[in-house]
Each structure stands twice: as structure tokens, then as C-alpha cells.
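Fold and contact review
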Amino acid sequence: MAGARFLAGAAAAGALLSGTSAHADQPKPWEASFQAPATDMMRQIEWFGNYTFAFIVVITLLVLFLLAYCILRFRASANPVPSRTSHNTLIEVIWTVGPVVVLLLIAIPSFQLLTAQYTPPEEAKLTVKATGNQWNWDYEYQIDKSFSFNSAVLQDADRAKAGKEDRNLYPRLLAVDNELVVPVNTLTRVLITATDVIHSFAVPSFGIKMDAVPGRTNETWFKAEKEGLYYGQCSQLCGKDHAFMPIAIRVVSDAQFKTWLETAKTDVPAANKALMAKIDGTNKVAAAGN
């Protein structure tokens, strides 16, 4: 219970810190921090990153100060006759106990975060199997009538046909021909494997990264809290086209997902086009209202 309260507080602090920044669901030029979190788990990861960074800053400044002090205080010109002191009990206790305390302060929340990553808060309502290939992904929806499709990097020549000419929304080397579509605020289980070499299923905004190993099935989960289009990439060196193996997940409303799902069971491209048209129309209406 104490661990749950700690992680809940960490998530709230992360939400407070990130609330003033613009939502980022894809990489940005010169980006030096995490993408804006789209899940509670990613908020906890972001908080932990900031938490450990504080230790790094303090320790770096302390070491820099000690180095400068030793250089100035014990230089040859100031100490022509060096001290022959070889032991100092107090200093040895401090530099032994200090690092132990720091490691404990880092280890406890890190173990709690690791446990939370492998412990879904509820039963998954949707299960998708992601299979890594050289160099694309196969997605299989494990529902009453399962179906699957392939998702590969979108070629520039196919942008117009796919209706994905907006490079701000569909960036080069990240946009795909068929996105993985999931409903918002729904815990989604992802079963991950590969057919040839080791790949890795990673989506920064969701805080997930799991290796896809041939002959083995790994599992991760996410619960996206905001509709939108989120990007990731294979993050294992898997061959010559490793850089051309993006992951795109489109998070939509429950109603939009159900409509898409009924059509996708028989015609995925048609379902995607209808979904894009619906989202584009909704966005235009919202923009006109503003």
C-alpha cells in the first residue's frame, strides 16, 4: 500500500510538472527531454527521471567543489611540506554511508516503478499481438473473430494515395501505411514476438519498450488517456533497415474504434480511410467552433 501511495504521488507530481508543456506525441527537432506522457505509467517514468536527475546534479556539483577545493587548498605552492595523514575515520564513514543512502533513495522507488510496469491495475479489455519482421510489424487483434494486417513505413510516393500528405501529422520515417488502432482509456495488452531476429516494440509516449524475440512471446500493456496519433520505433539493431521500422498507434474514442473494428475485420484499408475521414471532419468542426 505504501508503494502504491508513493507511485500515485509520483504520478501526480509528474502531471503537475508536465501540465504546462505542450502535448508532444512524436519526436521534435532538438528534443532533449521525454515526449509528453500519454499514459499514467509514462508520467511515473518521467517523474522518476526527474527525481534521479536531481541526485546527479547534486553529486556532480559536490564532486566539482571537492576537486576545486583540493586543487586550490593542497597545491604545491600552498603546501611545500605535504601532510602525511593516511586515515580519517570521519571522512571514510561519510563516503561509505553517503553512497549507501543515495542508492537506497534511488532503489526503493525504482523497484516500485518496475513492479508497477509489470502489474496491470485491471484486466485487459483488448489484446493485440505484435510480430516484428525485417522490417515491418504484423498486428493481430485477438477478439472473437481475430484478424491481422501488416504495418510498414509509409513511402513518399504513397502519401497522396493514403491521404497522408501532412508531414506534421505523418512525419517522414515515422508514418506507416496502417496504424494500430486502439480505444482511449482502455487497458490494452500487447503480446510481442518476432519471426526472424530480435526486434523491440517501443512507444515513448506510452512508456513501453519490450523486446520481440523469435520463438518467445513477451507481454506489455498500456492505457492511453488521450486520443491522437503516437509514434515509436523498433529499438533493437535488427538489420540494414532498422531505421525504417516505425510503430504508429492511433488512439480513438470507443465509438470510433467499434466502427473501425467492424470494417477492419474484412477490409483494413477501407476502415482506415473511413476513420481518417471521421477524425478529420471532427477536427475541422472543432476548429470552426474555436
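Everything below is about the structure shown above.
Here the structure is a predicted model, which is why all the values come from computation and not from measurement.

Here's the deal with the overall build of the chain
Check the secondary structure of the chain and you find 6 helices and 10 strands. Put simply, the chain has 290 residues, and 38% of those count as buried. A separation of at least 24 residues holds for 67% of the contacts in the chain among residues at least 6 apart in sequence. Accessible area of the chain: about 17,000 Å², with a carbon and sulfur share of 62%.

Examining the sheet that holds strand E3 (residues 147-151)
Spatially, 5 strands are ordered E3-E2-E1-E5-E8 in an open sheet, and the strand pairing comes out mixed. Both edges of this open sheet fall to E3 and strand E8 (218-222), since each of them pairs with a single strand only. Going from strand to strand, the sheet's axes swing by 25° on average, the running direction of each strand aside. Sheet analysis places strand E5 (residues 188-194) next to E8, joined by 5 bridges and oriented antiparallel. Counterpart to Ile-192 in the pairing with E8 is Asn-218.

Quick notes on a nonpolar patch on the surface
Taken together, the side chains of Phe-53, Ile-56, Val-57, Leu-61 and Leu-64 present a nonpolar region at the surface, about 490 Å² in accessible area. Positionally, Leu-61 belongs in helix H2 (residues 40-73). Taking relative accessible area as the criterion, Leu-61 reaches 53% and is therefore assigned exposed.

Digging into helix H3 (residues 89-117)
Since the α-helix turns once every 3.6 residues, residues separated by three or four places project in the same direction. Taking 1.5 Å per residue, 29 residues should reach 42 Å; H3 reaches 42 Å between its end C-alpha atoms and fits that length. Residue Asn-88 occupies the N-cap position of H3, its side-chain oxygen lying 3.2 Å from the main-chain nitrogen of Leu-90.

Describing the pattern of salt bridges
On inspection of all chains with the given rule, the structure shows 11 salt bridges. With a closest N to O distance of 3.6 Å, Asp-156 and Arg-167 form a salt bridge. Taken together, the residues span a long stretch of sequence, with Asp-156 in the loop between E3 and helix H4 (159-162) and Arg-167 in the loop between H4 and strand E4 (180-183) at a distance of 11 residues. By relative accessible area, Asp-156 is classed as partly exposed at 40%. Among the residues examined, Arg-167 registers a relative accessible area of 43% and is labelled partly exposed.

Here's the deal with the pairing of E3
Here E3 shows one buried face, formed by Phe-147, Phe-149 and Ser-151, and one open face, formed by Ser-148 and Asn-150. Sheet topology note: the strand E2 (residues 136-141)/E3 ladder contains 5 bridges and is antiparallel. Across the sheet, Tyr-141 pairs through a bridge with Phe-147, a residue of E3. Taking the residues that link successive antiparallel strands as the turn, the E2-E3 hairpin has 5 residues.

The rules behind each value
Residues numbered from 1 in each chain as written. Predicted model: local features only at pLDDT ≥ 70, side-chain atom pairs only at ≥ 80, totals over all residues. Heavy atoms only, no water. Helix = DSSP H or I, 4+ residues; strand = E, 2+ residues; numbered from the N terminus. Buried < 20%, exposed > 50% of the residue type's maximum accessible area, 1.4 Å probe, protein only. Contact = heavy atoms within 4.5 Å. Areas by Shrake-Rupley, 256 points an atom, 1.4 Å probe, with all protein chains shown as cover. Pairing = 2+ DSSP bridges. Axes fitted to C-alpha atoms, helices over the stretch in contact; angles between N-to-C directions. Patch = residues over 30% accessible without salt bridge, like charges linked within 9 Å, V, L, I, M, F, W, Y side chains within 5 Å. Salt bridge = Lys/Arg side-chain N within 4 Å of Asp/Glu carboxyl O. Expected span 1.5 Å × (residues − 1). Polar contact = N/O pair within 3.5 Å; in protein donor to acceptor, adjacent residues only side chain to side chain.

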